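The lines below spell out each chain.
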Amino acid sequence: MERKATVNRKTRETDITLCLKLDGLGQSNINTGIGFFDHMLEGFAKHGFFDLDCNVEGDLKVDGHHTVEDAGIVLGDAIKQAIGDKKGMKRYGYFILPMDDALALCAVDLCGRPYLNFECEFTVPTIGELDTELIREFFYAVSYSAGMNLHIKLLAGHNNHHMAEAIFKAFAKALDMATAQDPRITDVLSTKGSL
């Protein structure tokens, strides 16, 4: 059974259509109106082997906040729908990713309980047209909408482009590991019997 989801969300601030296939080839078609954010989502899809189509029409005349946060909400919802009952899934994933001067750690638990620990400090207010403070808002929205425990820590970095890219790619690799199927897991990976 294909693990995929399509989510549409329309408010007075954003109009979003997102299609996610967990067991993909890393193909993407991204248009959020924020070039650097598109670049980050393309890297997420490529390095997680997720097929991702995402179109966002946001109120960029205000700023990028609603566009980025709502994209996180919709991506989190798509992840939650695509993993379904979580049977046979590894549940946990982690990765430490180097990107030149930057080193990012990400750990994921698809337990159904949302939590974000985000320890990353950027030294510039924007990268391209993306406000760096919105990176945390994006991952907060993903974690709460997906019901995932998400820890992201920037261990090193000087170049803010590299730092952000390392974070998104580490998240992709950790999520790919957590969503992977394991034939040894016949139900859900929990002593409680449910997630």
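This report concerns the structure included in the present document. One numbering rule holds for all chains: residues counted from 1, following each sequence as written. Totals for whole chains, interfaces and linings use every residue, but because this is a predicted model, local features are given only for residues with pLDDT of at least 70 and side-chain atom pairs only at 80 or more, for both listing and counting. Excluding hydrogens and water, the side-chain figures rest on all heavy atoms present in the structure.

**Re the sheet that holds strand S10 (residues 149-156)**
Sheets are built from strands paired through backbone hydrogen bonds, the pairs being either parallel or antiparallel. For clarity, the cut-off: Only when DSSP finds a minimum of two bridges between them are two strands counted as paired. Here a helix means four or more residues in a row that DSSP labels H or I, a strand means two or more in a row labelled E, and each is numbered from the N terminus. Comment: axis = line fitted to C-alpha atoms, over the contacting stretch for helices; angle = value between 0 and 180 degrees taken between N-to-C directions.
Read from one edge to the other, the open sheet built from 4 strands follows the order S5-S6-S10-S7, with strand pairing classed as mixed. The two strands at the open ends of the sheet, each matched to only one other strand, are strand S5 (92-99) and strand S7 (115-119). Each adjacent strand pair in this sheet contributes to an overall mean axis angle of 10 degrees, direction not counted. Relative to S10, strand S6 (residues 102-109) runs antiparallel, the two being bridged by 7 bridges.

**Quick look at the environment of Thr14**
Put simply, the rule is: Residue burial is assigned from relative accessible area. The probe radius is 1.4 Å, only protein chains are included, and a residue is buried under 20% of its type maximum, exposed over 50%, and partly exposed in between. Contact between two residues is taken to exist if any of their heavy atoms lie within 4.5 Å; hydrogens are not considered. Any pair of N or O atoms that falls within 3.5 Å is considered a polar contact. Within protein, one atom must be able to donate a hydrogen and the other to accept it, and sequence-neighbouring residues count only if both atoms are side-chain atoms.
Assignment of secondary structure puts Thr14 in strand S2 (residues 14-21). The exposure class assigned to Thr14 is buried, which follows from its relative accessible area of 1%. Sequence spacing of Thr14 and Asp59 is 45 residues, and the spatial spacing of their C-alpha atoms is 6.5 Å. If near-sequence neighbours (up to four positions away) are discounted, Thr14 is found in contact with Arg9, Glu57, Gly58, His66, Thr67 and Asp70. Within the structure, Thr14 has its side chain in polar contact with the side chain of Asp70 (distance 2.6 Å).

**A few points about the environment of Ser28**
Following the sequence through the fold, Ser28 ends up in strand S3 (residues 28-31). Residues in contact with Ser28, not counting those within four places in the same chain, are Glu42, Ala45, Leu52 and Asp53.

**Description of the sheet that holds strand S1 (residues 4-10)**
Here we have 4 strands laid out as an open sheet, ordered S1-S2-S4-S3, and mixed in their pairing. In this open sheet, the two edge strands, each paired with only one partner strand, are S1 and S3. Across the sheet, the mean angle separating the axes of adjacent strands is 5 degrees when strand polarity is ignored. Across 8 bridges, the pairing between S2 and strand S4 (residues 51-58) is antiparallel. Residue pairing across strands places Cys19 opposite Asp53, the latter belonging to S4. Across the face of the sheet, helix H1 (residues 35-48) comes into contact with S3 and S4 while running at roughly 160 degrees to S3.

**Some details on the pairing of S4**
For clarity, the threshold we go by: Place the viewer so that the strands point away; then a crossover is right-handed whenever the path from the first strand over the helix to the second strand goes clockwise.
Judged from the 4 bridges that link them, S3 and S4 form a sheet pairing that is parallel. Residue pairing across strands places Ser28 opposite Leu52, the latter belonging to S4. The parallel pair S3 and S4 is bridged by H1, and the resulting crossover is left-handed.

**Points about the pattern of salt bridges**
We apply this condition: The term salt bridge refers to a pairing of a side-chain nitrogen on Lys or Arg with a carboxyl oxygen on Asp or Glu at a separation within 4 Å.
Scanning all chains against the criterion turns up 8 salt bridges. Of the charged contacts in the structure, one is a salt bridge between Arg9 and Asp70, with a shortest N-O distance of 3.0 Å. With a gap of 61 residues between them, Arg9 in strand S1 and Asp70 in helix H2 (residues 65-83) connect regions that are remote in the sequence. Here the salt bridges do not stand alone but share partners, grouping Glu2, Lys4 and Lys21 into one network.

**Some points on the packing of aromatic side chains**
For any pair of aromatic rings, the description rests on two quantities: the centre-to-centre distance and the angle between the ring planes. Here is the rule we go by: Stacked, tilted and edge-to-face are the three classes assigned to paired rings of Phe, Tyr and Trp, where Trp is represented by its six-membered ring and a pair needs centres within 6.5 Å; plane angles under 30 degrees give stacked, over 60 edge-to-face, the rest tilted.
By the definition in use, this model includes 9 aromatic pairs. Ring centres 5.3 Å apart and planes at 80 degrees place the aromatic pair Phe139 and Phe171 in the edge-to-face group. Pair noted here: Phe139 is in helix H3 (residues 133-146) and Phe171 is in helix H4 (residues 160-179), with a separation of 32 residues, a long-range link. No difference in accessibility class separates Phe139 from Phe171, as the two residues are buried. By the ring-pair criterion, three or more aromatic residues cluster together here, those being Phe37, Phe44, Phe50, Phe118, Phe138, Phe139, Phe168 and Phe171.

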